[in-house]
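So the chains spell out like this:
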Amino acid sequence: MSQQTARRGGAAWTLAITSVAGFMAALDNLVVTTALPAIREDFGGALHDLEWTVSAYTLTFAVLLMFGAALGDRFGRRRLFIAGLAVFTGASAAAALAPGIDALIAARAVQGVGAAIMMPLTLTLLTAAVPVAKRGMAYGIWGAVNGLAVASGPLIGGSLTEHVSWQWIFWLNVPLGLAVLPLARLRLSESYGTGAPLDITGTLLASGGLFGIVYALIRGNIDGWTSATVLAGLIGGGALLALFVRHGIRSENPMLPMRLFRSRAFSAINAASLLMFVGMFGSIFLLSQFLQNVVGYSPTEAGLRMLPWTGMPMIVSPIAAYLADRFGGRPVVTAGLALQAIGLAWFAVIVEPDMSYAAQLPALIISGVGMALYFAPAANLVMSSVRPSEQGIASGANNALREVGGALGIAILAAVFSAQGGYESAQRFVDGLGPALWVGAALVGVGAVAAALLPGRTVTGKPADAVQAAAEERTPAGV
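Keep in mind the model is a prediction, meaning the values are calculated, not measured.

Student: Residue-level account of the packing of aromatic side chains, with values.
Tutor: Geometrically, a pair of aromatic rings is defined through the distance of the ring centres and the angle of the planes. For the structure shown, the criterion picks out 15 aromatic pairs. Considering the side-chain rings of Trp 168 and Trp 171, the 6.4 Å spacing of their centres and the 50 degrees angle between planes classify their relative orientation as tilted. Here Trp 168 and its partner Trp 171 are both found in helix 7 (residues 168-171), three residues apart, which amounts to about one turn of the helix. Here Trp 168 falls in the partly exposed class, since its relative accessible area comes to 40%. Judged by its relative accessible area of 25%, Trp 171 is partly exposed.

Student: Just give me the short version of the nonpolar core, but keep the residues and values in it.
Tutor: Formed by 103 residues in total, the largest nonpolar core has its most connected members in Phe 285, Phe 290, Leu 337 and Phe 347. When residues in this core are grouped by element, the largest group, 17 residues, is from helix 11 (residues 264-294). Once residues lying within four places of it in the same chain are set aside, the contact partners of Phe 347 are Leu 287, Phe 290, Met 355, Gln 360, Ala 363, Leu 364 and Leu 437. Counting 31 residues, the second largest nonpolar core, distinct from the first, contains Ile 17, Met 24, Leu 80 and Phe 88.

Student: Kindly report on the confidence of the model for the protein, identifying the contributing residues and their values.
Tutor: Residue-level pLDDT values for the protein average 85, and 92% of them are 70 or greater. Residue range residues 466-479 is modelled with pLDDT below 50. Its contacts to residues more than four positions away, or to other chains, number 11 contacts.

Student: I'd like to hear about the environment of Ser 273, residue by residue, with values.
Tutor: In this structure, Ser 273 sits in helix 11. In sequence terms Ser 273 and Gly 434 are 161 residues apart; their C-alpha atoms lie 23 Å from each other. Excluding its chain neighbours within four sequence positions, the residues that come into contact with Ser 273 are Tyr 374, Asn 398 and Arg 402. At 3.2 Å, the side chain of Ser 273 forms a polar contact with the side chain of Asn 398.

Student: Outline the pattern of salt bridges, listing residues and values.
Tutor: Summed over all chains, the structure comprises four salt bridges. The salt bridge partner of Arg 77 is Asp 73, with a shortest N-O separation of 2.9 Å. With a relative accessible area of 14%, Arg 77 lands in the buried category. Here Arg 219 ties to Asp 223 by a salt bridge, and the two come within 3.0 Å at their closest N and O atoms. Residue Arg 219 and its partner Asp 223 are located together in helix 9 (residues 200-223), separated by four residues, close to a single helical turn. Overall, Asp 223 belongs to the partly exposed group, its relative accessible area being 32%.

Student: Can you explain the environment of Ala 12? Please cite residues and give values.
Tutor: Take Ala 12: it is sitting in helix 1 (residues 3-30). The class of Ala 12 is partly exposed, set by a relative accessible area of 47%.

Student: So, the packing of helix 15 (residues 329-350) against helix 18 (residues 426-452): which residues are in play, and what are the values?
Tutor: Running from amino to carboxyl end, helix 15 crosses helix 18 at an angle of 165 degrees, the nearest separation of the two axes being 8 Å. One element, helix 15, and the other, helix 18, form an angle in the roughly antiparallel class. Considering only the axes of helix 15 and helix 18, their crossing is left-handed. Where helix 15 abuts helix 18, its residues Arg 330, Val 333, Thr 334, Leu 337, Ala 338, Gln 340, Ala 341, Leu 344, Ala 345, Phe 347, Ala 348 and Val 349 lie against Gly 434, Leu 437, Trp 438, Gly 440, Ala 441, Val 444, Gly 445, Gly 447, Ala 448, Ala 451 and Ala 452. Classifying every residue of the contact of helix 15 with helix 18 gives 16 nonpolar, six polar and one charged.

About the criteria used
Residues numbered from 1 in each chain as written. Predicted model: local features only at pLDDT ≥ 70, side-chain atom pairs only at ≥ 80, totals over all residues. Heavy atoms only, no water. Phe/Tyr/Trp six-rings, centres within 6.5 Å; stacked < 30°, edge-to-face > 60°. Helix = DSSP H or I, 4+ residues; strand = E, 2+ residues; numbered from the N terminus. Buried < 20%, exposed > 50% of the residue type's maximum accessible area, 1.4 Å probe, protein only. Core = buried A, V, L, I, M, F, W, Y, C linked by side-chain atoms within 4.5 Å. Contact = heavy atoms within 4.5 Å. pLDDT = per-residue confidence, 0-100. Polar contact = N/O pair within 3.5 Å; in protein donor to acceptor, adjacent residues only side chain to side chain. Salt bridge = Lys/Arg side-chain N within 4 Å of Asp/Glu carboxyl O. Axes fitted to C-alpha atoms, helices over the stretch in contact; angles between N-to-C directions. Parallel < 35°, antiparallel > 145°, perpendicular 65-115°, else oblique. Left-handed = near helix turned anticlockwise from the far one by under 90°. Nonpolar A, V, L, I, M, F, W, Y, C, P; charged D, E, K, R; others polar.

Next comes the structure, spelled out in structure tokens:
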């Protein structure tokens, strides 16, 4: 076998292994949403317990994602990828076997740790294995598989919950993980990064700060917003995040260098991404329960009926990519966020206990088109907002902020929901859902304003300040 054939075979195996691993990690963001009513029925648990079954995963995933990438760079990407996949697979089995809601939440948190180590290394392993000329196609396949996981998450979760049991949304990961682990050991090539020092201080500050704020938001309506517990979470969490920002400014090798936010393009696209995920995740968390608890759909029916929203990116993304190439990413992302906000606001206006699916459909389609218009150009806008040498950090920061947005979105919208409504009756659920959706729509609308502040492109689709940054990088010091 020739060397070229061997390289092609290695690249194909790497693409298959990293795509399956990425699918597993992305799927677990939303797969649990349509299983929430069944979990609540089995384990009891209040709204705040259901929030943690989702947020425990997204929060640990978010705060450890960049740390996981750094571990791989320092100790070996293949080695850490295998370790992360093993942790994720074992935690999935623990979630399926959980005897109660607390054990399930703990297992979900450990799942997030595994995903945070595994997920960022999928792209670095893929980049190292695929020739430069073929990377565009490889990234496209990897992205499509991840998009499929997000789109099908509610449907897979609903189908398994209805036809087998909700535990199988976690058991599903176990055979996949056990199949991929030996393949990763045999087929992936080891590679290393720069070996920069690990930012343990930054990781602890970000983790503690975000946990404090999310915990306070979840407990606010239960303990009272002026209670010592809630105030300690808000004040302590805010202080830790302020120290994280200070650390990012002063440290020599911070997890998230604050200098990146000097770029208007980087700041704007990350603010837009954060707010997009706040509104989207929080709304899906509540709407998936509305479709089952109030409208009366089965878990499978609820997952199917959410596809016009979650699955629309699979159809519209090629069109969105063409529009971004033709007119630039700024107007496409801005329009996408505006449509997402309109879709959520539309749903807030029409939501009723006995509403038909025909009434829901326009809002779902508008939200889905908006999501597609956002997703298609967002990654390129992030990468083109910084110097080439900083693109790895920029990508990790954007992914982490999106996961943070998901955790915050569930906490914020659920807090609004529980302040205005509850589970006592269909009408009480709708009384809380409407105001929560209005808040989600408003936050995504602010995200659209942030996207509109992106610099216009100058050459090759890159924002103006990114072009300037690239020029500075090419210019010798002192010139």
